[in-house]
Amino acid sequence: MMQNQNQQSNPNAAMNQAMSKNHGGHEMFDAHEVLAGIISMLDQYQMYDQHIQDQELKNIAHRQYTFVTQLYNTMVECFKTGQDPSVPTQQYHMQQENEVVYGLKPGQPKKPNSSVSQLSDQGLSAYMLGNIKSLTSLLAMTAAEITNPVLRRVVADSVPNFIELSYEIFLYQNKHGYYQVPQLMEQDMQQMLNSYATVPQQGNNVH
């Protein structure tokens, strides 16, 4: 009886409690996987920072770490409350130029490091890219499974940001020759580009 009186006297508290429970069971597991994955990424970025030599890569790591930390806090808040977070999702702005170097250059074959002392900016940037790409896929898959509208929007809005994070690292790697991009022969490329044709629009009628 006392509980009912408290809820009647504070309808906002009752509404908040109802909103915080607005999650499906499958969604709870997915959200835990996303949040745990982000924690893992942030922890690993801290480990990478101790070994990064290039200041440009260090700056990228610091910017991304700061951005993802705020995103993590936003996700945790709306996951726990089911309501709009106090700090909404932000938009990540990378600082790399959108210019890709195409072609392959000869180099030494890759092999696993025999000790931590052999860690390089090439390898560390690759680990960063792997972390971000894995989380990008996980976020996209999770967004399609969430029932809570607020958490769904926050997770979905994060997918383009994580794509941008990964693209920034790719461009850094490509610029330094760590991530080379081969191309097809001109004839083969043209044939593939011309393999599809558009169709005329016929309105909304489906025949």
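Residues numbered from 1 in each chain as written. Predicted model: local features only at pLDDT ≥ 70, side-chain atom pairs only at ≥ 80, totals over all residues. Heavy atoms only, no water.

Undergrad: Got a minute to help me understand the side chain of Asn161 in this structure?
TA: Tracing the backbone shows Asn161 in helix H6 (residues 149-175). Relative accessible area serves as the criterion here: at 7%, Asn161 is assigned to the buried category. Of the polar contacts made by the side chain of Asn161, one reaches the backbone nitrogen of Tyr92; its length is 2.8 Å. Setting aside residues up to four positions removed in sequence, Asn161 forms contacts with Phe67, Gln90, Gln91 and Tyr92. (Helix = DSSP H or I, 4+ residues; strand = E, 2+ residues; numbered from the N terminus. Buried < 20%, exposed > 50% of the residue type's maximum accessible area, 1.4 Å probe, protein only. Polar contact = N/O pair within 3.5 Å; in protein donor to acceptor, adjacent residues only side chain to side chain. Contact = heavy atoms within 4.5 Å.)

Undergrad: Is there a simple way to explain the packing of aromatic side chains in this structure?
TA: What characterises a pair of aromatic rings is the spacing of the ring centres plus the angle enclosed by the ring planes. Tallied over the full model, the rule gives six aromatic pairs. Measuring from centroid to centroid gives 5.8 Å for Tyr48 and Tyr127, while their planes differ by 45°, and the two rings are tilted. Separated by 79 residues along the polypeptide, Tyr48 in helix H3 (residues 25-49) and Tyr127 in helix H5 (residues 121-143) bring together distant segments of the chain. Its relative accessible area of 10% is what places Tyr48 among the buried residues. In this structure Tyr127 comes out as partly exposed when scored by relative accessible area, which is 33%. Members of the aromatic cluster, joined through ring pairs, are Tyr45, Tyr48 and Tyr127. (Phe/Tyr/Trp six-rings, centres within 6.5 Å; stacked < 30°, edge-to-face > 60°.)

So far we have only geometry, and geometry alone does not tell us how the molecule works.
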